Amino acid sequence: MKAYKDIRILWVADYSVKHNKGGSQQTNREMIKYGRSKGIYIKTIYKDEPIPEKLDYDAIILNNITQFCTEDLERLLDTGKCIRYEHDYWVAENMPEMYKKCRHTIFLSPLHKKTAENKCGYKIENSSLVPSPIDVGVFKVDDSVEREKGSVCCMGNLVKDKGSESLLEFIDSNQNMRFYIAGWGEEVGEFKKKDNVEFLGELDRKQIVKVYQKCEYFYHRPLWNEPFGRTVVEAFLCGCHLLLNDSVGAISWDWDFSDYEQIKKNVQSQNNFWRVIKNEIQS
């Protein structure tokens, strides 16, 4: 049986967190960091970087792969070593047979898997559910910070699929509330026009935590079925009350959100992820 220090991984993804601050990149960063701390050798390949000629790895993790050509992806799949780490629905919509060519697929939530199966048209048998990992040492309540009554925060990509239009309507309908909006995207200009909005731009992690810790509410009501929605759990762990709809993967788990410690435990998922990978390699 291989020890972690003997495992070699090729991790293929569109972007690193240096190029994109989205939830997928943050999740990858946490999983890769933890894997390396266990002694696993992990080589990362991002868009515009060549795929190695020699694929002498124990497993190849295919993450978000929209920026890679079909020929390269097929060459990786032909090794029989690929594990799909699903963060979106691109494969289900564009290469639905890929799941059958992968040894295993890891989804972020029950809603995520159900939606992918609906899109690809068949049941994905060789799969696991592992929630996105959250650093609970960073995202936590700070009792020394006074919460601003009637304050609402929202983080991320400000586009229609992520619910920007409904958020704008919510802002207009709640003029007595103060909104703190951080992020990027095509709808940024619309938020800057609102009198009860303070647009914060793109923030680093420490700045985001401070916003969570001072706001009373966190808003996220996407139009699409969000695979997980890590900002939802980040905000919850920092003490925000959640304003959500049913399209958030994080709440499709059978979790009791009145039990703070249990949620905290559930999202320390790095070890679960690597256990799935190791089991696949061993099998």
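Residue numbers restart at each chain and count upward from 1, following the sequence in its written direction. Thresholds applied to this predicted model are a pLDDT of at least 70 for local features of residues and 80 or more for the giving and counting of side-chain atom pairs; totals over whole chains, interfaces and linings are not thresholded and use all residues. For the side-chain quantities, the full set of heavy atoms in the structure was used; hydrogens and water were omitted.

I keep staring at the pattern of salt bridges and nothing clicks. Help me out?
For side chains bearing opposite charge, pairing can occur when the charged atoms are close. By definition, a salt bridge exists where a carboxyl oxygen of Asp or Glu is found within 4 Å of a side-chain nitrogen of Lys or Arg. Scanning the model with the defined rule gives 19 salt bridges in all. We note a salt bridge from Glu165 to Lys160, for which the minimum N-O separation is 3.6 Å. The partly exposed category is assigned to Lys160, whose relative accessible area is 42%. Within the structure, one salt-bridge network assembled from shared partners comprises Arg29, Glu30, Asp135 and Arg205. Any residue under 20% of the maximum accessible area for its type is buried, any over 50% is exposed, and the rest in between are partly exposed; the area is computed with a 1.4 Å probe on protein chains only.

How should the sheet that holds strand β3 (residues 59-62) be read in this particular structure?
Within a sheet, each strand pairs with its neighbour through backbone hydrogen bonds, oriented either parallel or antiparallel. Think of it this way: DSSP has to see at least two bridges between two strands before they count as a pair. Strands here mean DSSP runs of E at least two residues long; helices mean DSSP runs of H or I at least four residues long; both are numbered from the N terminus. The strand order β2-β1-β3-β4-β5-β6 describes an open sheet built from 6 strands, whose pairing is parallel. Edge strands, defined here as strands with exactly one partner in the open sheet, are β2 (41-45) and β6 (127-129). The mean inter-strand angle of the sheet, taken between neighbouring strand axes irrespective of direction, is 20°. Relative to strand β5 (residues 104-107), strand β4 (residues 82-85) runs parallel, the two sharing 3 bridges. Paired with Tyr85 across the bridge in β5 is Ile106. The criterion used for residue contact is that any of the two residues' heavy atoms lie within 4.5 Å. Orientation is described by lines fitted to C-alpha atoms, with helices fitted over the stretch in contact, and by angles between N-to-C directions that extend from 0 to 180 degrees. Sitting on the sheet, helix α1 (residues 23-37) is in contact with β1 (8-12), β2 and β4, with an inclination near 150° to β2. Against the sheet, helix α2 (residues 70-77) contacts β1, β3 and β4, and its axis sits at roughly 145° relative to β3.

I would appreciate a short explanation of the pairing of β5 in the present structure.
If a strand is regular, its side chains alternate between the two faces of the sheet. Burial along β5 is two-sided: His104 and Ile106 facing one way and Thr105 and Phe107 facing the other are all buried. Of the pairings in the sheet, the one linking β5 to β6 comprises 3 bridges and is parallel in character. Residue pairing for β6: Ile106 is matched across the bridge by Ser128. The handedness rule is simple: strands pointing away from the viewer, and a clockwise path from the first strand over the helix to the second, make the crossover right-handed. Handedness of the β-α-β unit built from β5, helix α5 (residues 110-120) and β6 comes out right-handed.

What should I look at first to understand the sheet that holds strand β8 (residues 178-184) in this one?
With respect to topology, 5 strands assemble into an open sheet ordered β9-β8-β7-β10-β11, the strand pairing being parallel. Here the strands that pair on one side only, and so sit at the sheet edges, are β9 (197-201) and β11 (241-244). Mean inter-strand twist for the sheet, computed between neighbouring axes without regard to direction, equals 25°. Here strand β10 (residues 215-220) runs beside β11; their pairing, made up of 4 bridges, is parallel. Each residue of the ladder has a partner; that of Tyr219, found in β11, is Leu243. The strands that helix α8 (residues 205-214) touches are β7 (148-157), β8, β9 and β10; relative to β7, the one it contacts most, it runs at about 145°. Packing against the sheet, helix α9 (residues 230-237) makes contact with β7, β10 and β11, and its axis sits at approximately 165° to β10.

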